[in-house]
Amino acid sequence: MKITRQKHAKKNMGFYKYNFGFREPFQVLLDGTFCQAALRNKIQIREQLPGYLAGATQLCTTRCILKELESLGKELYGAKLIAQRCQVRHCSHFKNPVSGSLCLLSMVEDGNPHHYFIATQDQDLTAKIKKRAGVPLLFIIQNTMVLDKPSAKSLASVHTMQTNKLIPEHQKQSIALLKEQQGLVKTSDPKKRKRKRAAGPNPLSCLKKKKKKSEEGSQPSASQKKRNRKHSKRKSEAAAGSVYSGPQNVEA
C-alpha cells in the first residue's frame with residue numbers, strides 16, 4: 001500500500017514539475033486543521049513530508065493562521081505550536097487579519113506564482129482550491145499524508161497550454177480568418193449585422209407604384225400607341241388593295 005501511494009505521489013509531483021514549474025525546495029502552506037490532524041495522528045510533518053514528496057520542503061504558514069489559532073484557545077494549543085515552528089509568509093492582511101481559509105486563497109491568486117502547496121483538512125477550502133489551476137493539495141487520511149491528484153481545472157489548463165504550443169500563432173490567425181470567411185464565427189460589427197437583416201418594403205414606394213399603374217390604365221403608353229398606328233396603317237393598306245383589285249378582275 002505504501003509503494004502504491006509513493007507511485008501516485010511521484011506521478012502527481014511530475015505533473016506539477018513539468019507543467020507548472022514546481023522546483024525544490026517545495027513550499028507547503030499549513031493551516032490549523034492540518035496541524036491539528038498531524039498532532040492527533042502522531043505524524044512528524046517535518047521528517048516525513050520530504051520523503052513523501054521526494055524533495056526538500058519548506059513548511060510555511062501566515063500571520064492570519066497564527067492569529068486564528070491563538071483565538072481558538074487551549075484546544076488547539078498543540079496545533080499552534082506546530083504552526084509557530086514554520087516559516088511565516090507575508091500576506092496582504094497585516095493590519096486586518098482574516099480567517100485562515102481566506103488568507104490561503106489569497107496566497108495562491110493569479111495562478112499561484114510562488115508555487116505553494118496547500119495543506120489543509122478544510123473541505124470548503126479544498127473545493128475552492130480545486131477551482132484554481134496549478135495548486136497542489138495535501139491532506140491527511142488514515143494516519144497518512146496524501147498528495148491529491150491534479151484537479152480538473154489544472155488538467156484543462158495544461159491541455160490549453162499544450163494546444164497553444166502545437167499551433168503556431170500565424171496558423172491561428174489563418175484559421176480564424178477562414179472561419180470568418182465561411183461564416184462560422186459571428187462578427188461583432190454592428191454594420192455587418194444590419195446588412196444581413198432583410199429590409200421591409202418602403203410604403204411610399206408602394207404608393208407611387210400604384211399611382212403609376214392607375215395612370216397607365218387611363219392613358220395608353222407610347223409603345224401601345226405605336227402598335228395602334230401600325231395596325232391602322234395595315235387596315236388602310238388592305239382596304240386600298242381590295243378597292244384597286246376590283247377593276248383588274250373586270251378588265252380581265
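Reading the values: rules and limits
Residues numbered from 1 in each chain as written. Predicted model: local features only at pLDDT ≥ 70, side-chain atom pairs only at ≥ 80, totals over all residues. Heavy atoms only, no water. UniProt positions renumbered as here; feature names shortened; annotations may be inferred. Helix = DSSP H or I, 4+ residues; strand = E, 2+ residues; numbered from the N terminus. 1 Å grid on protein atoms, 1.4 Å probe; cavity = no way out; pocket = protein on both sides within 12 Å on 5 of 7 lines; lining within 4 Å. Points joined across faces, edges and corners; volume = space filled by probe spheres on them. Nonpolar A, V, L, I, M, F, W, Y, C, P; charged D, E, K, R; others polar. Buried < 20%, exposed > 50% of the residue type's maximum accessible area, 1.4 Å probe, protein only. Pairing = 2+ DSSP bridges.

- The name given to the protein in an unreviewed UniProt entry is rRNA-processing protein UTP23 homolog, with the source organism recorded as Varanus komodoensis.
- If you open the UniProt record of the protein and go to Subcellular location (unreviewed entry), you find "Nucleus, Nucleolus".
- One UniProt comment on the protein, placed under Sequence similarities (unreviewed entry), says "Belongs to the UTP23/FCF1 family. UTP23 subfamily."

1. With respect to unusual backbone geometry
Turning to step 1, where the next piece is worked out: Here the bond from Glu24 into Pro25 is cis, since omega is -5°, no more than 30 degrees from zero.
Turning to step 2, where the next piece is worked out: You can see Pro25 is positioned in the loop between helix H1 (2-20) and strand S1 (26-30).
Turning to step 3, where the next piece is worked out: In this structure, Gln142 takes a positive phi of about 50° despite not being glycine.
Turning to step 4, where the next piece is worked out: Counting through the fold element by element, Gln142 comes out in the loop between strand S5 (137-141) and strand S6 (144-147).

2. Examining empty space enclosed by the protein
Space left empty within the atom packing is revealed by a probe, the size of a water molecule, rolled over the atoms.
Turning to step 1, where the next piece is worked out: Summed over all chains, the structure comprises one cavity of 30 Å³ or more.
Turning to step 2, where the next piece is worked out: Its boundaries defined by the atoms lining it, the largest cavity holds a volume of some 40 Å³.
Turning to step 3, where the next piece is worked out: What lines the largest cavity is Tyr16, Lys130, Val135, Leu137, Asp148, Lys149, Pro150 and Ser151.
Turning to step 4, where the next piece is worked out: A per-class count over the lining of the largest cavity returns four nonpolar, one polar and three charged.

3. A short note on the pairing of S6
Turning to step 1, where the next piece is worked out: Residues of S6 alternate between two faces, with Thr144 and Val146 on one and Met145 and Leu147 on the opposite face, all of them buried.
Turning to step 2, where the next piece is worked out: When S5 meets S6, the two strands line up antiparallel, connected through four bridges. The residue bridging Ile141 from the neighbouring strand is Thr144, located in S6.
Turning to step 3, where the next piece is worked out: Remark: two residues form the turn of the hairpin made by S5 and S6, two consecutive strands paired antiparallel; Gln142 in that turn has positive phi of roughly 50°.

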